[in-house]
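# Per-entry structural report
Each chain, written out:
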Amino acid sequence: MTTPVTIVGAGLGGLTLARVLHVHGIPATIYELDASPEARTQGGMLDIHDYNGQVALKAAGLFDEFRKIIHPGGEATRILDKHGTVHTDETDEGDGTRPEVDRGQLRQLLLDSLPAGTIRWGSKVTGVRENRELTFADGSTVTAGVLVGADGAWSRVRPLLSAAKPAYAGMSFVEVDLLDADTRHPGPARTVGGGMLFALGPGNGFLAHRETDGSLHIYIALTKPADWIDSVDWADTAKAKAVLADEFHDWAPEFHALFAEADRALVARAINALPIDHRWARVPGVTLVGDAAHVMSPFAGEGANLAMLDGARLGEALAAHPGDVEKALATYEAELFPRSAEAAGEAARNLALCFDENAPHSLLDQFAAYEQA
Ligand SMILES: Cc1cc2nc3c(=O)[nH]c(=O)nc-3n(C[C@H](O)[C@H](O)[C@H](O)COP(=O)(O)OP(=O)(O)OC[C@H]3O[C@@H](n4cnc5c(N)ncnc54)[C@H](O)[C@@H]3O)c2cc1C
């Protein structure tokens, strides 16, 4: 008999798991704290890799639909130094193995693929007990058969399996949006180009994407102590821009335009990571997917891809071992742990390499090595 699966979190990991279970006829319920699918903007471009994210979409039976939402040209890449010197300016010929999609569109694809009622919106899990009983913010409870934590970096389910907590990775991001860039922000539009920009210097830099709606989404990366974000009043946009102008005082003026022209309030976030080799001993009926299992800095570009692959692999394992949940979970975790550790190691190495004393040359050397391999 198949045990119903209870999933906490409707991110890309939880949604992919629910979809793959549905494909195999296994019932699942997702409890999600957001009040509705529209509760939060899901901005940002994701490149979906042929060795993980695309594999998951194939397992979910959604690969053809995915091909329809690819952002043509999105794989274009520019690498600049702090003086504005262009070291790489590659266009996207549409033949790459890492096509880009809008995160919101990808999520919508998954949402539309689930039976009505699969997701219980507005269900914030506040506590989880060893008997797999979930408590919600409204005081109600549910006891799960199979319980999967797909609830991101600060997972409420993870403490059942592991005492590990994400730690500050030494870097803070400030996020900026420039809307209708070609018309309203022609300078930044030229600086970013048609896809991805890496403008890197020792300790800090700019990572930016052109989005499908013609806006630019910019991550300003700064090596800072953990308490730096709270030392700035981000609600005072003029003051926050002045702080950034000071931090980037020796960068070329075109980079200052990337934050000076911001259309919305600046949003700061700390980059956190679990230990690279995070793993746990088998606990009956419980496991994790995605960031809950292996949150890492975004510098491997793998977090969303891995979350989807985790969801797909777990769904397949549960389908392959009907009536033997423990075998399914053990099989899934035996692949999960080394896969996560490899990507988390790469993320940590890339973070160091992108912002080392030679920036951007260490990244350029790495890209050159990939091309020769
Ligand atoms: C700045 C930045 C850039 C990134 N860029 C990339 C990239 O280019 N490529 C890439 O592959 N990855 C990237 N990532 C990583 C990627 O965003 C994550 O790895 C991915 O979103 C993880 O998916 P998930 O489903 O595991 O978790 P999440 O997306 O975090 O989803 C968790 C879900 O659980 C819900 N939830 C949380 N707590 C509770 C609760 N108590 N009760 C109920 N529901 C709850 C949340 O509301 C959310 O919907 C980036 C990350 C950051 C921070």
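Residues numbered from 1 in each chain as written. Predicted model: local features only at pLDDT ≥ 70, side-chain atom pairs only at ≥ 80, totals over all residues. Heavy atoms only, no water.

Attention now goes to the sheet that holds strand β11 (residues 146-149). Here we have 5 strands laid out as an open sheet, ordered β7-β2-β1-β11-β17, and parallel in their pairing. Both edges of this open sheet fall to β7 (119-120) and β17 (286-288), since each of them pairs with a single strand only. Examined bridge by bridge, strand β1 (residues 5-8) and β11 share 4 bridges and lie parallel to one another. What sits directly across from V8, in β11, is G149. (Pairing = 2+ DSSP bridges. Helix = DSSP H or I, 4+ residues; strand = E, 2+ residues; numbered from the N terminus.)

Let's shift gears to the domain arrangement of the protein chain. Once the domains are mapped, the protein chain shows domain 1 (5-71 + 98-166 + 275-354) and domain 2 (167-273). One C-alpha centre belongs to domain 1, the other to domain 2; they are set 28 Å apart. Contacts between the two partners involve 18 residues from domain 1 and, on the opposite side, 16 residues from domain 2. Taking both partners together, domain 1 and domain 2 bury about 1300 Å²; carbon and sulfur atoms supply 63% of that area. Interface area lost by domain 1 to domain 2 is led by M45, F299 and C354, which between them contribute 31%. Along the contact surface separating domain 1 from domain 2 lie 0 salt bridges. Its residues assigned to classes, the side of domain 1 that touches domain 2 shows 10 nonpolar, 5 polar and 3 charged. (Domains from an automatic or database assignment. Contact = heavy atoms within 4.5 Å. Buried area = accessible area lost by both parts, 1.4 Å probe. Salt bridge = Lys/Arg side-chain N within 4 Å of Asp/Glu carboxyl O. Nonpolar A, V, L, I, M, F, W, Y, C, P; charged D, E, K, R; others polar.)

Moving on to the site of the ligand. As a matter of local geometry, the ligand sits amid 31 residues, with G13, E32, R103, D291 and A304 nearest to it. Between the ligand and L12, the relevant distance is 3.2 Å, taken from an oxygen atom to a main-chain nitrogen or oxygen of the residue. Here L33 contributes a backbone N or O atom positioned 3.1 Å from a nitrogen atom of the ligand. Burial of the ligand by the protein amounts to 84% of the accessible area it has alone, namely 1000 Å². Residue assignment for the shell around the ligand shows that the elements contributing at least two residues are α1 (12-23) and α10 (303-320). With 4 residues, the single largest contributor to the shell around the ligand is α10. The residue inventory of the shell around the ligand, partitioned by class, reads 13 nonpolar, 9 polar and 9 charged. (Near = heavy atom within 4 Å. Polar contact = N/O pair within 3.5 Å; in protein donor to acceptor, adjacent residues only side chain to side chain. Areas by Shrake-Rupley, 256 points an atom, 1.4 Å probe, with all protein chains shown as cover.)

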